[in-house]
Amino acid sequence: MVPRVQLPPEIQLAQRLAGNEQVTRDRAVKRLRKYIVARTQRAAGGFTHDELLKVWKGLFYCMWMQDKPLLQEELGRTIAQLLHAFQTTEAQHLFLRTFWQTMNREWTGIDRLRLDKFYMLMRMVLNESLKALKTHGWEERQIEQLLELLTTEILHPDSQAPSGVKSHFLEIFLEELSKVGAAELTADQNLKFIEPFCAIAARTQDPLVLHNITRGVFETIVEQAPFAIEDLLDELDAQEGEEGTSEDEECERDAPSMEPGSPRGAAPPDRSDEPLGRGEDAVGPVLQFDYKAVAGRLFAVASEQSTPSQNRKRLYKVIRKLQDLAEGIFPEDDVPEKAYRNLRDEEQERRPRKCLPKARSQNHPGKGRKEDSCPDPSSGSKRRMRRRRRRGSGAESVAPQEQRGGPGGRGARKKRRRLRAGAKVKGARCQELQTEQRLLQSRK
């Protein structure tokens, strides 16, 4: 008889992970975790690149065979948490590298009915890889190693990643980073996380990658800026509140209770069930950025001679938005109420303005009328309608002059445009100019 060949443990586990029975697959996942812990604890232990590729092929088809949505989510979380079973950082990075290589290799064979489960698996593995950085205190060296791994396997022009993997990764990166580290990461650390995207956006030849990086990373930062400002204001208010209440706690500690029948020093009612956050408009945790530093980093890579013109043109648009944010200028319609109110009060303290009374502004429509110095951020459309009405009323008062031909009429139109554009011209000066124009036309 021919002796039976003993297969390596990795191949045996991979075969059981891809089995037809769910019980067999579940047991294989548990055994794999124990095997990883036992093997990586040894000084001379660890896995090779080929061994982890075999393990991930079994895990890939283990996820492939799972059909029920709730069980898919549970299995995806269990597979992603295998990362923490590795005892060294090098072994964890090798596990992540082989995962993305497996996804790149198997992506074209996934049918549309199974795409969602693998989208979810990619999100969970990315989340756990960021949590591994968090457990090590966001060390700079480990951050650089992880970013180098992700750039090489997914975003680099020489990588084998399909467009679907690149697009989904760029869509979820900032979101998962916000979930894990929004409360701890500083603006400098967040800049470190997006530096690879700056370099790839400047030199990529793929317009789809450029669009996904611009839309999924840089424009997302711009869109989340008002909420980041609001979170910062909430944090400052909370710190001030803690400082204020710490002085009153000692006085309240010995004060008797005002409610009849309540014991002295009773605890306040539990408010843990009350809703938190911003209500219906809550967008979850957002990252804090130094917008001037981000704009400077983008400009440094976009202004290089090797940067394609189409990339430079697209990045310059984002740089202008970031520079406006650095100066405190952003679309008023997107500013939260609290953030806008604080910014408006600070601006009024620095440069107070005098508003015209309502009666005076109504008696002189179209003559040096100024806009309200305290606009409502939620009424952008109303302000635009008022501007159009003011323009219409001004046009009616000078309509007979505009109908006349010749160079004199054109010069008059140009003067009126300058008057409408310059909001600082006084009403008396406007009346003098109009009187001079009428005298010139009567002489002609």
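If you're wondering where the values come from, they're calculated on a predicted model, not measured in any experiment.

Conventions adopted
- Residues numbered from 1 in each chain as written.
- Predicted model: local features only at pLDDT ≥ 70, side-chain atom pairs only at ≥ 80, totals over all residues.
- Heavy atoms only, no water.
- Helix = DSSP H or I, 4+ residues; strand = E, 2+ residues; numbered from the N terminus.
- Buried < 20%, exposed > 50% of the residue type's maximum accessible area, 1.4 Å probe, protein only.
- Areas by Shrake-Rupley, 256 points an atom, 1.4 Å probe, with all protein chains shown as cover.
- Phe/Tyr/Trp six-rings, centres within 6.5 Å; stacked < 30°, edge-to-face > 60°.
- Contact = heavy atoms within 4.5 Å.
- Axes fitted to C-alpha atoms, helices over the stretch in contact; angles between N-to-C directions.
- Parallel < 35°, antiparallel > 145°, perpendicular 65-115°, else oblique.
- Left-handed = near helix turned anticlockwise from the far one by under 90°.
- Nonpolar A, V, L, I, M, F, W, Y, C, P; charged D, E, K, R; others polar.
- Expected span 1.5 Å × (residues − 1).
- Arc of directions from axis to C-beta.
- Patch = residues over 30% accessible without salt bridge, like charges linked within 9 Å, V, L, I, M, F, W, Y side chains within 5 Å.
- Salt bridge = Lys/Arg side-chain N within 4 Å of Asp/Glu carboxyl O.
- Lys, Arg positive; Asp, Glu negative; His and termini not counted.
- Charge placed at Lys NZ, Arg CZ, Asp CG, Glu CD.
- Polar contact = N/O pair within 3.5 Å; in protein donor to acceptor, adjacent residues only side chain to side chain.

### Details of the overall build of the protein chain
Moving on, step 1. Counting its regular elements, the protein chain contains 18 helices and zero strands.
Moving on, step 2. Within the span of the protein chain, comprising 444 residues, buried residues form 35% of the whole.
Moving on, step 3. Here the protein chain displays about 28200 Å² of accessible surface, and carbon together with sulfur accounts for 50% of that area.

### Topic: the packing of aromatic side chains
Moving on, step 1. Counted under the stated rule, the structure contains 18 aromatic pairs.
Moving on, step 2. Measuring from ring centre to ring centre gives 4.9 Å for F99 and W100, while their planes differ by 65°; the resulting arrangement is edge-to-face.
Moving on, step 3. With 6.0 Å between their ring centres and 85° between their planes, W138 and F193 make a pair best called edge-to-face. Note that W138 is positioned in the loop between α6 (115–135) and α7 (140–155) and F193 in helix α9 (residues 187–203), a separation of 55 residues in sequence.

### What to know about the environment of R312
Moving on, step 1. Within the element layout of this structure, R312 appears in helix α12 (residues 309–326).
Moving on, step 2. The spatial distance from the C-alpha of R312 to the C-alpha of A202 is 7.0 Å, given a sequence separation of 110 residues.
Moving on, step 3. Those residues in contact with R312 that sit more than four places away from it in its chain are A302, S303, E304, Q305 and T307.

### Digging into the packing of helix α3 (residues 49–65) against helix α5 (residues 89–106)
Moving on, step 1. It is at 9 Å that the axes of α3 and α5 come closest, and there the two elements cross at 55°. Accordingly, the angle class assigned to the pair α3 and α5 is oblique. At the point where α3 passes α5, the crossing takes the right-handed sense. In this structure, α3 contributes H49, L52, L53, W56, K57, F60 and Y61 to the contact, and α5 contributes L94, F95, T98, F99, Q101, T102, M103, R105 and E106.
Moving on, step 2. Taken together, the residues of the contact of α3 with α5 break down into nine nonpolar, four polar and three charged.

### Description of helix α2 (residues 22–41)
Moving on, step 1. Under the 1.5 Å per step criterion, the end-to-end length of α2 is 29 Å for 20 residues, consistent within 8% with the ideal 28 Å.
Moving on, step 2. Buried within α2 are the following residues: R25, A28, V29, L32, I36, R39 and T40. Looking down the long axis of α2, one finds its buried residues gathered within 110° of arc, a one-sided arrangement. The exposed residues of α2 that point more than 90 degrees off its buried face are V23, R27, K30, K34 and Q41.

### Overview of unusual backbone geometry
Moving on, step 1. One non-glycine residue, W138, adopts positive backbone phi at about 55°.
Moving on, step 2. By relative accessible area, which is 6% here, W138 ends up buried.

### Digging into the environment of E219
Moving on, step 1. For E219, the location among the structural elements is in helix α10 (residues 207–253).
Moving on, step 2. Note on E219: relative accessible area 16%, which makes it buried.
Moving on, step 3. Residues E219 and L322 lie 103 residues apart in sequence; the distance between their C-alpha atoms is 9.2 Å.
Moving on, step 4. Dropping the residues within four chain positions of it, E219 is found in contact with T214, R314 and K321.

### Considerations on a positive patch on the surface
Moving on, step 1. Residues R16, R27, K30, R31 and K34 make up a contiguous surface patch of positive charge.
Moving on, step 2. By residue number, the principal contributor to the positive patch is α2, which donates four residues.
Moving on, step 3. In this structure, R27 sits in helix α2.
Moving on, step 4. Given a relative accessible area of 54%, R27 falls into the exposed group.

### Quick word on the side chain of R25
Moving on, step 1. For R25, the location among the structural elements is in helix α2.
Moving on, step 2. Within the buried set, R25 has no salt-bridge partner at all; the shortest N-O distance to an opposite charge, 5.8 Å, is to D26.
Moving on, step 3. In terms of polar contacts, R25 uses its side chain to reach the backbone carbonyl oxygen of N20, at 3.1 Å.
Moving on, step 4. Discounting residues that sit within four places of it in the chain, R25 has contacts with R16, L17, G19, N20, C62, M65 and Q66.

### Some remarks on the pattern of salt bridges
Moving on, step 1. Inspection of the entire model under this criterion finds 18 salt bridges.
Moving on, step 2. Across the pair E175 and K179 runs a salt bridge, and its minimum N-O distance is 3.8 Å. Here E175 and its partner K179 are both found in helix α8 (residues 163–181), four residues apart, which amounts to about one turn of the helix.
Moving on, step 3. For K179, a relative accessible area of 46% translates into the label partly exposed.
Moving on, step 4. Among the charged side chains, a salt-bridge network with shared partners connects R123, E175, E176 and K179.

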